[in-house]
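# Structure at a glance
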Amino acid sequence: MLPYIAEFLGTMMLILLGDGVVANVTLNKSGMKGAGSVQITLAWGLAVMIPACIFGVASGASFNPALTIALAIDGSFDWSLVTGYILAQFAGAFVGACLVYILFKEQFDATEDPGTKLGVFSTGPSVPNMPLNILSEAIGTFVLVFAIKGIAHVPGLSPGLDKFIVFGIIVSIGMSLGGLTGYALNPARDIGPRIAHGLLPIKGKGSSNWGYAIVPFLGPLLGAMAAVLLYGAIPW
């Protein structure tokens, strides 16, 4: 039971901090409005690192269905745990997004643009092009998972340093590729909050854009699976 609780709480914290920084920077009447993409990118890296440090021992700190499935495919994660992990990840992402809405309700009410409100919860493309958007998410997630596999096998790596390296990986992907699709890299990170956006009574929220949801769902899955298969095929 502990690993599932850890995945739920870790993903909830990830979304609370990650979606929280987007709300903080983009919504009207927020004290940090206009801080920009650098703050968002750094904060998303920290949003992954902090719960990973807290819950890494308890669950392995996946917080990502694409990573969980990919690790099961390459044999480094037990398939019997996959369903429970994924349910916990989506539930945690949903609850984290709901907390962001509760905390920033006044700021949501003061913001008129529906796209800005949706952008707090979910990703979207700068240029809509479904094949390229999926490819962008796949390549970003490939880099993430391939790097995670790599650092896990670095000899003599100090305990805890791997979590800081993951922070660097997330920030690097965001700084380099994030402007294309918002770098979800994680189906739960996008779809859990998108469900929250659809269900919450957000004033003037507009569409949840479910037609785009295939991108942050399929892209990360393809990229994560490709990463573990290639990593396993290389004769290190």
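Residues numbered from 1 in each chain as written. Predicted model: local features only at pLDDT ≥ 70, side-chain atom pairs only at ≥ 80, totals over all residues. Heavy atoms only, no water.

On the surface, L17, L46, I50 and I54 cluster together to form a nonpolar patch covering roughly 310 Å² of accessible area. In terms of residue count, helix α2 (residues 37-59) provides more of the nonpolar patch than any other element does, three residues in total. (Patch = residues over 30% accessible without salt bridge, like charges linked within 9 Å, V, L, I, M, F, W, Y side chains within 5 Å. Areas by Shrake-Rupley, 256 points an atom, 1.4 Å probe, with all protein chains shown as cover. Salt bridge = Lys/Arg side-chain N within 4 Å of Asp/Glu carboxyl O. Helix = DSSP H or I, 4+ residues; strand = E, 2+ residues; numbered from the N terminus.)

Turning to the pattern of salt bridges, a few remarks are in order. Pairs may arise between side chains of opposite charge once their charged atoms sit close together. In total, this model carries five salt bridges according to the counting rule given. Its salt-bridge partner being D74, residue K149 comes within 2.6 Å of it at the nearest N-O pair. Separated by 75 residues along the polypeptide, K149 in helix α7 (residues 130-151) and D74 in the loop between α3 (65-73) and α4 (82-103) bring together distant segments of the chain. Taking the shortest distance from any N to any O, the salt bridge between D190 and R194 comes out at 2.9 Å. Here D190 pairs with R194, and both are found in helix α9 (residues 187-199), just four residues apart, close to one helical turn. We classify D190 as buried; its relative accessible area is 0%. For R194, a relative accessible area of 0% gives the class buried. (Buried < 20%, exposed > 50% of the residue type's maximum accessible area, 1.4 Å probe, protein only.)

Moving on, we come to the environment of F63. Within the fold, F63 resides in the loop between α2 and α3. A relative accessible area of 2% places F63 in the buried class. Once the C-alpha coordinates of F63 and M13 are considered, the two residues, 50 residues apart in sequence, prove to be 10.0 Å apart. Excluding its chain neighbours within four sequence positions, the residues that come into contact with F63 are A6, E7, G10, T11, L14, P51, A52, F55, Q89 and N186. (Contact = heavy atoms within 4.5 Å.)

Before going further, it helps to spend a moment on the environment of M13. With respect to the helices and strands, M13 occurs in helix α1 (residues 2-26). The spatial distance from the C-alpha of M13 to the C-alpha of V95 is 9.2 Å, given a sequence separation of 82 residues. When neighbours within four sequence positions are excluded, M13 is seen to be in contact with I50, P51, I54 and F55.

Here we come to the packing of aromatic side chains. By convention here, two paired aromatic rings are described through the distance between centres and the angle between planes. Across all of its chains, the model carries nine aromatic pairs by this definition. Residues F77 and Y85 carry aromatic rings whose centres are separated by 4.8 Å and whose planes lie at 65 degrees to one another, so their mutual orientation is edge-to-face. Here F77 matches Y85 in class, with each residue buried. The interplanar angle of 75 degrees and the centroid separation of 5.3 Å between the aromatic rings of F146 and Y231 together place this pair among those described as edge-to-face. Here Y231 lies in helix α10 (residues 214-233) and F146 lies in helix α7, a separation of 85 residues in the sequence. For F146, a relative accessible area of 21% corresponds to the partly exposed category. For Y231, a relative accessible area of 10% corresponds to the buried category. (Phe/Tyr/Trp six-rings, centres within 6.5 Å; stacked < 30°, edge-to-face > 60°.)

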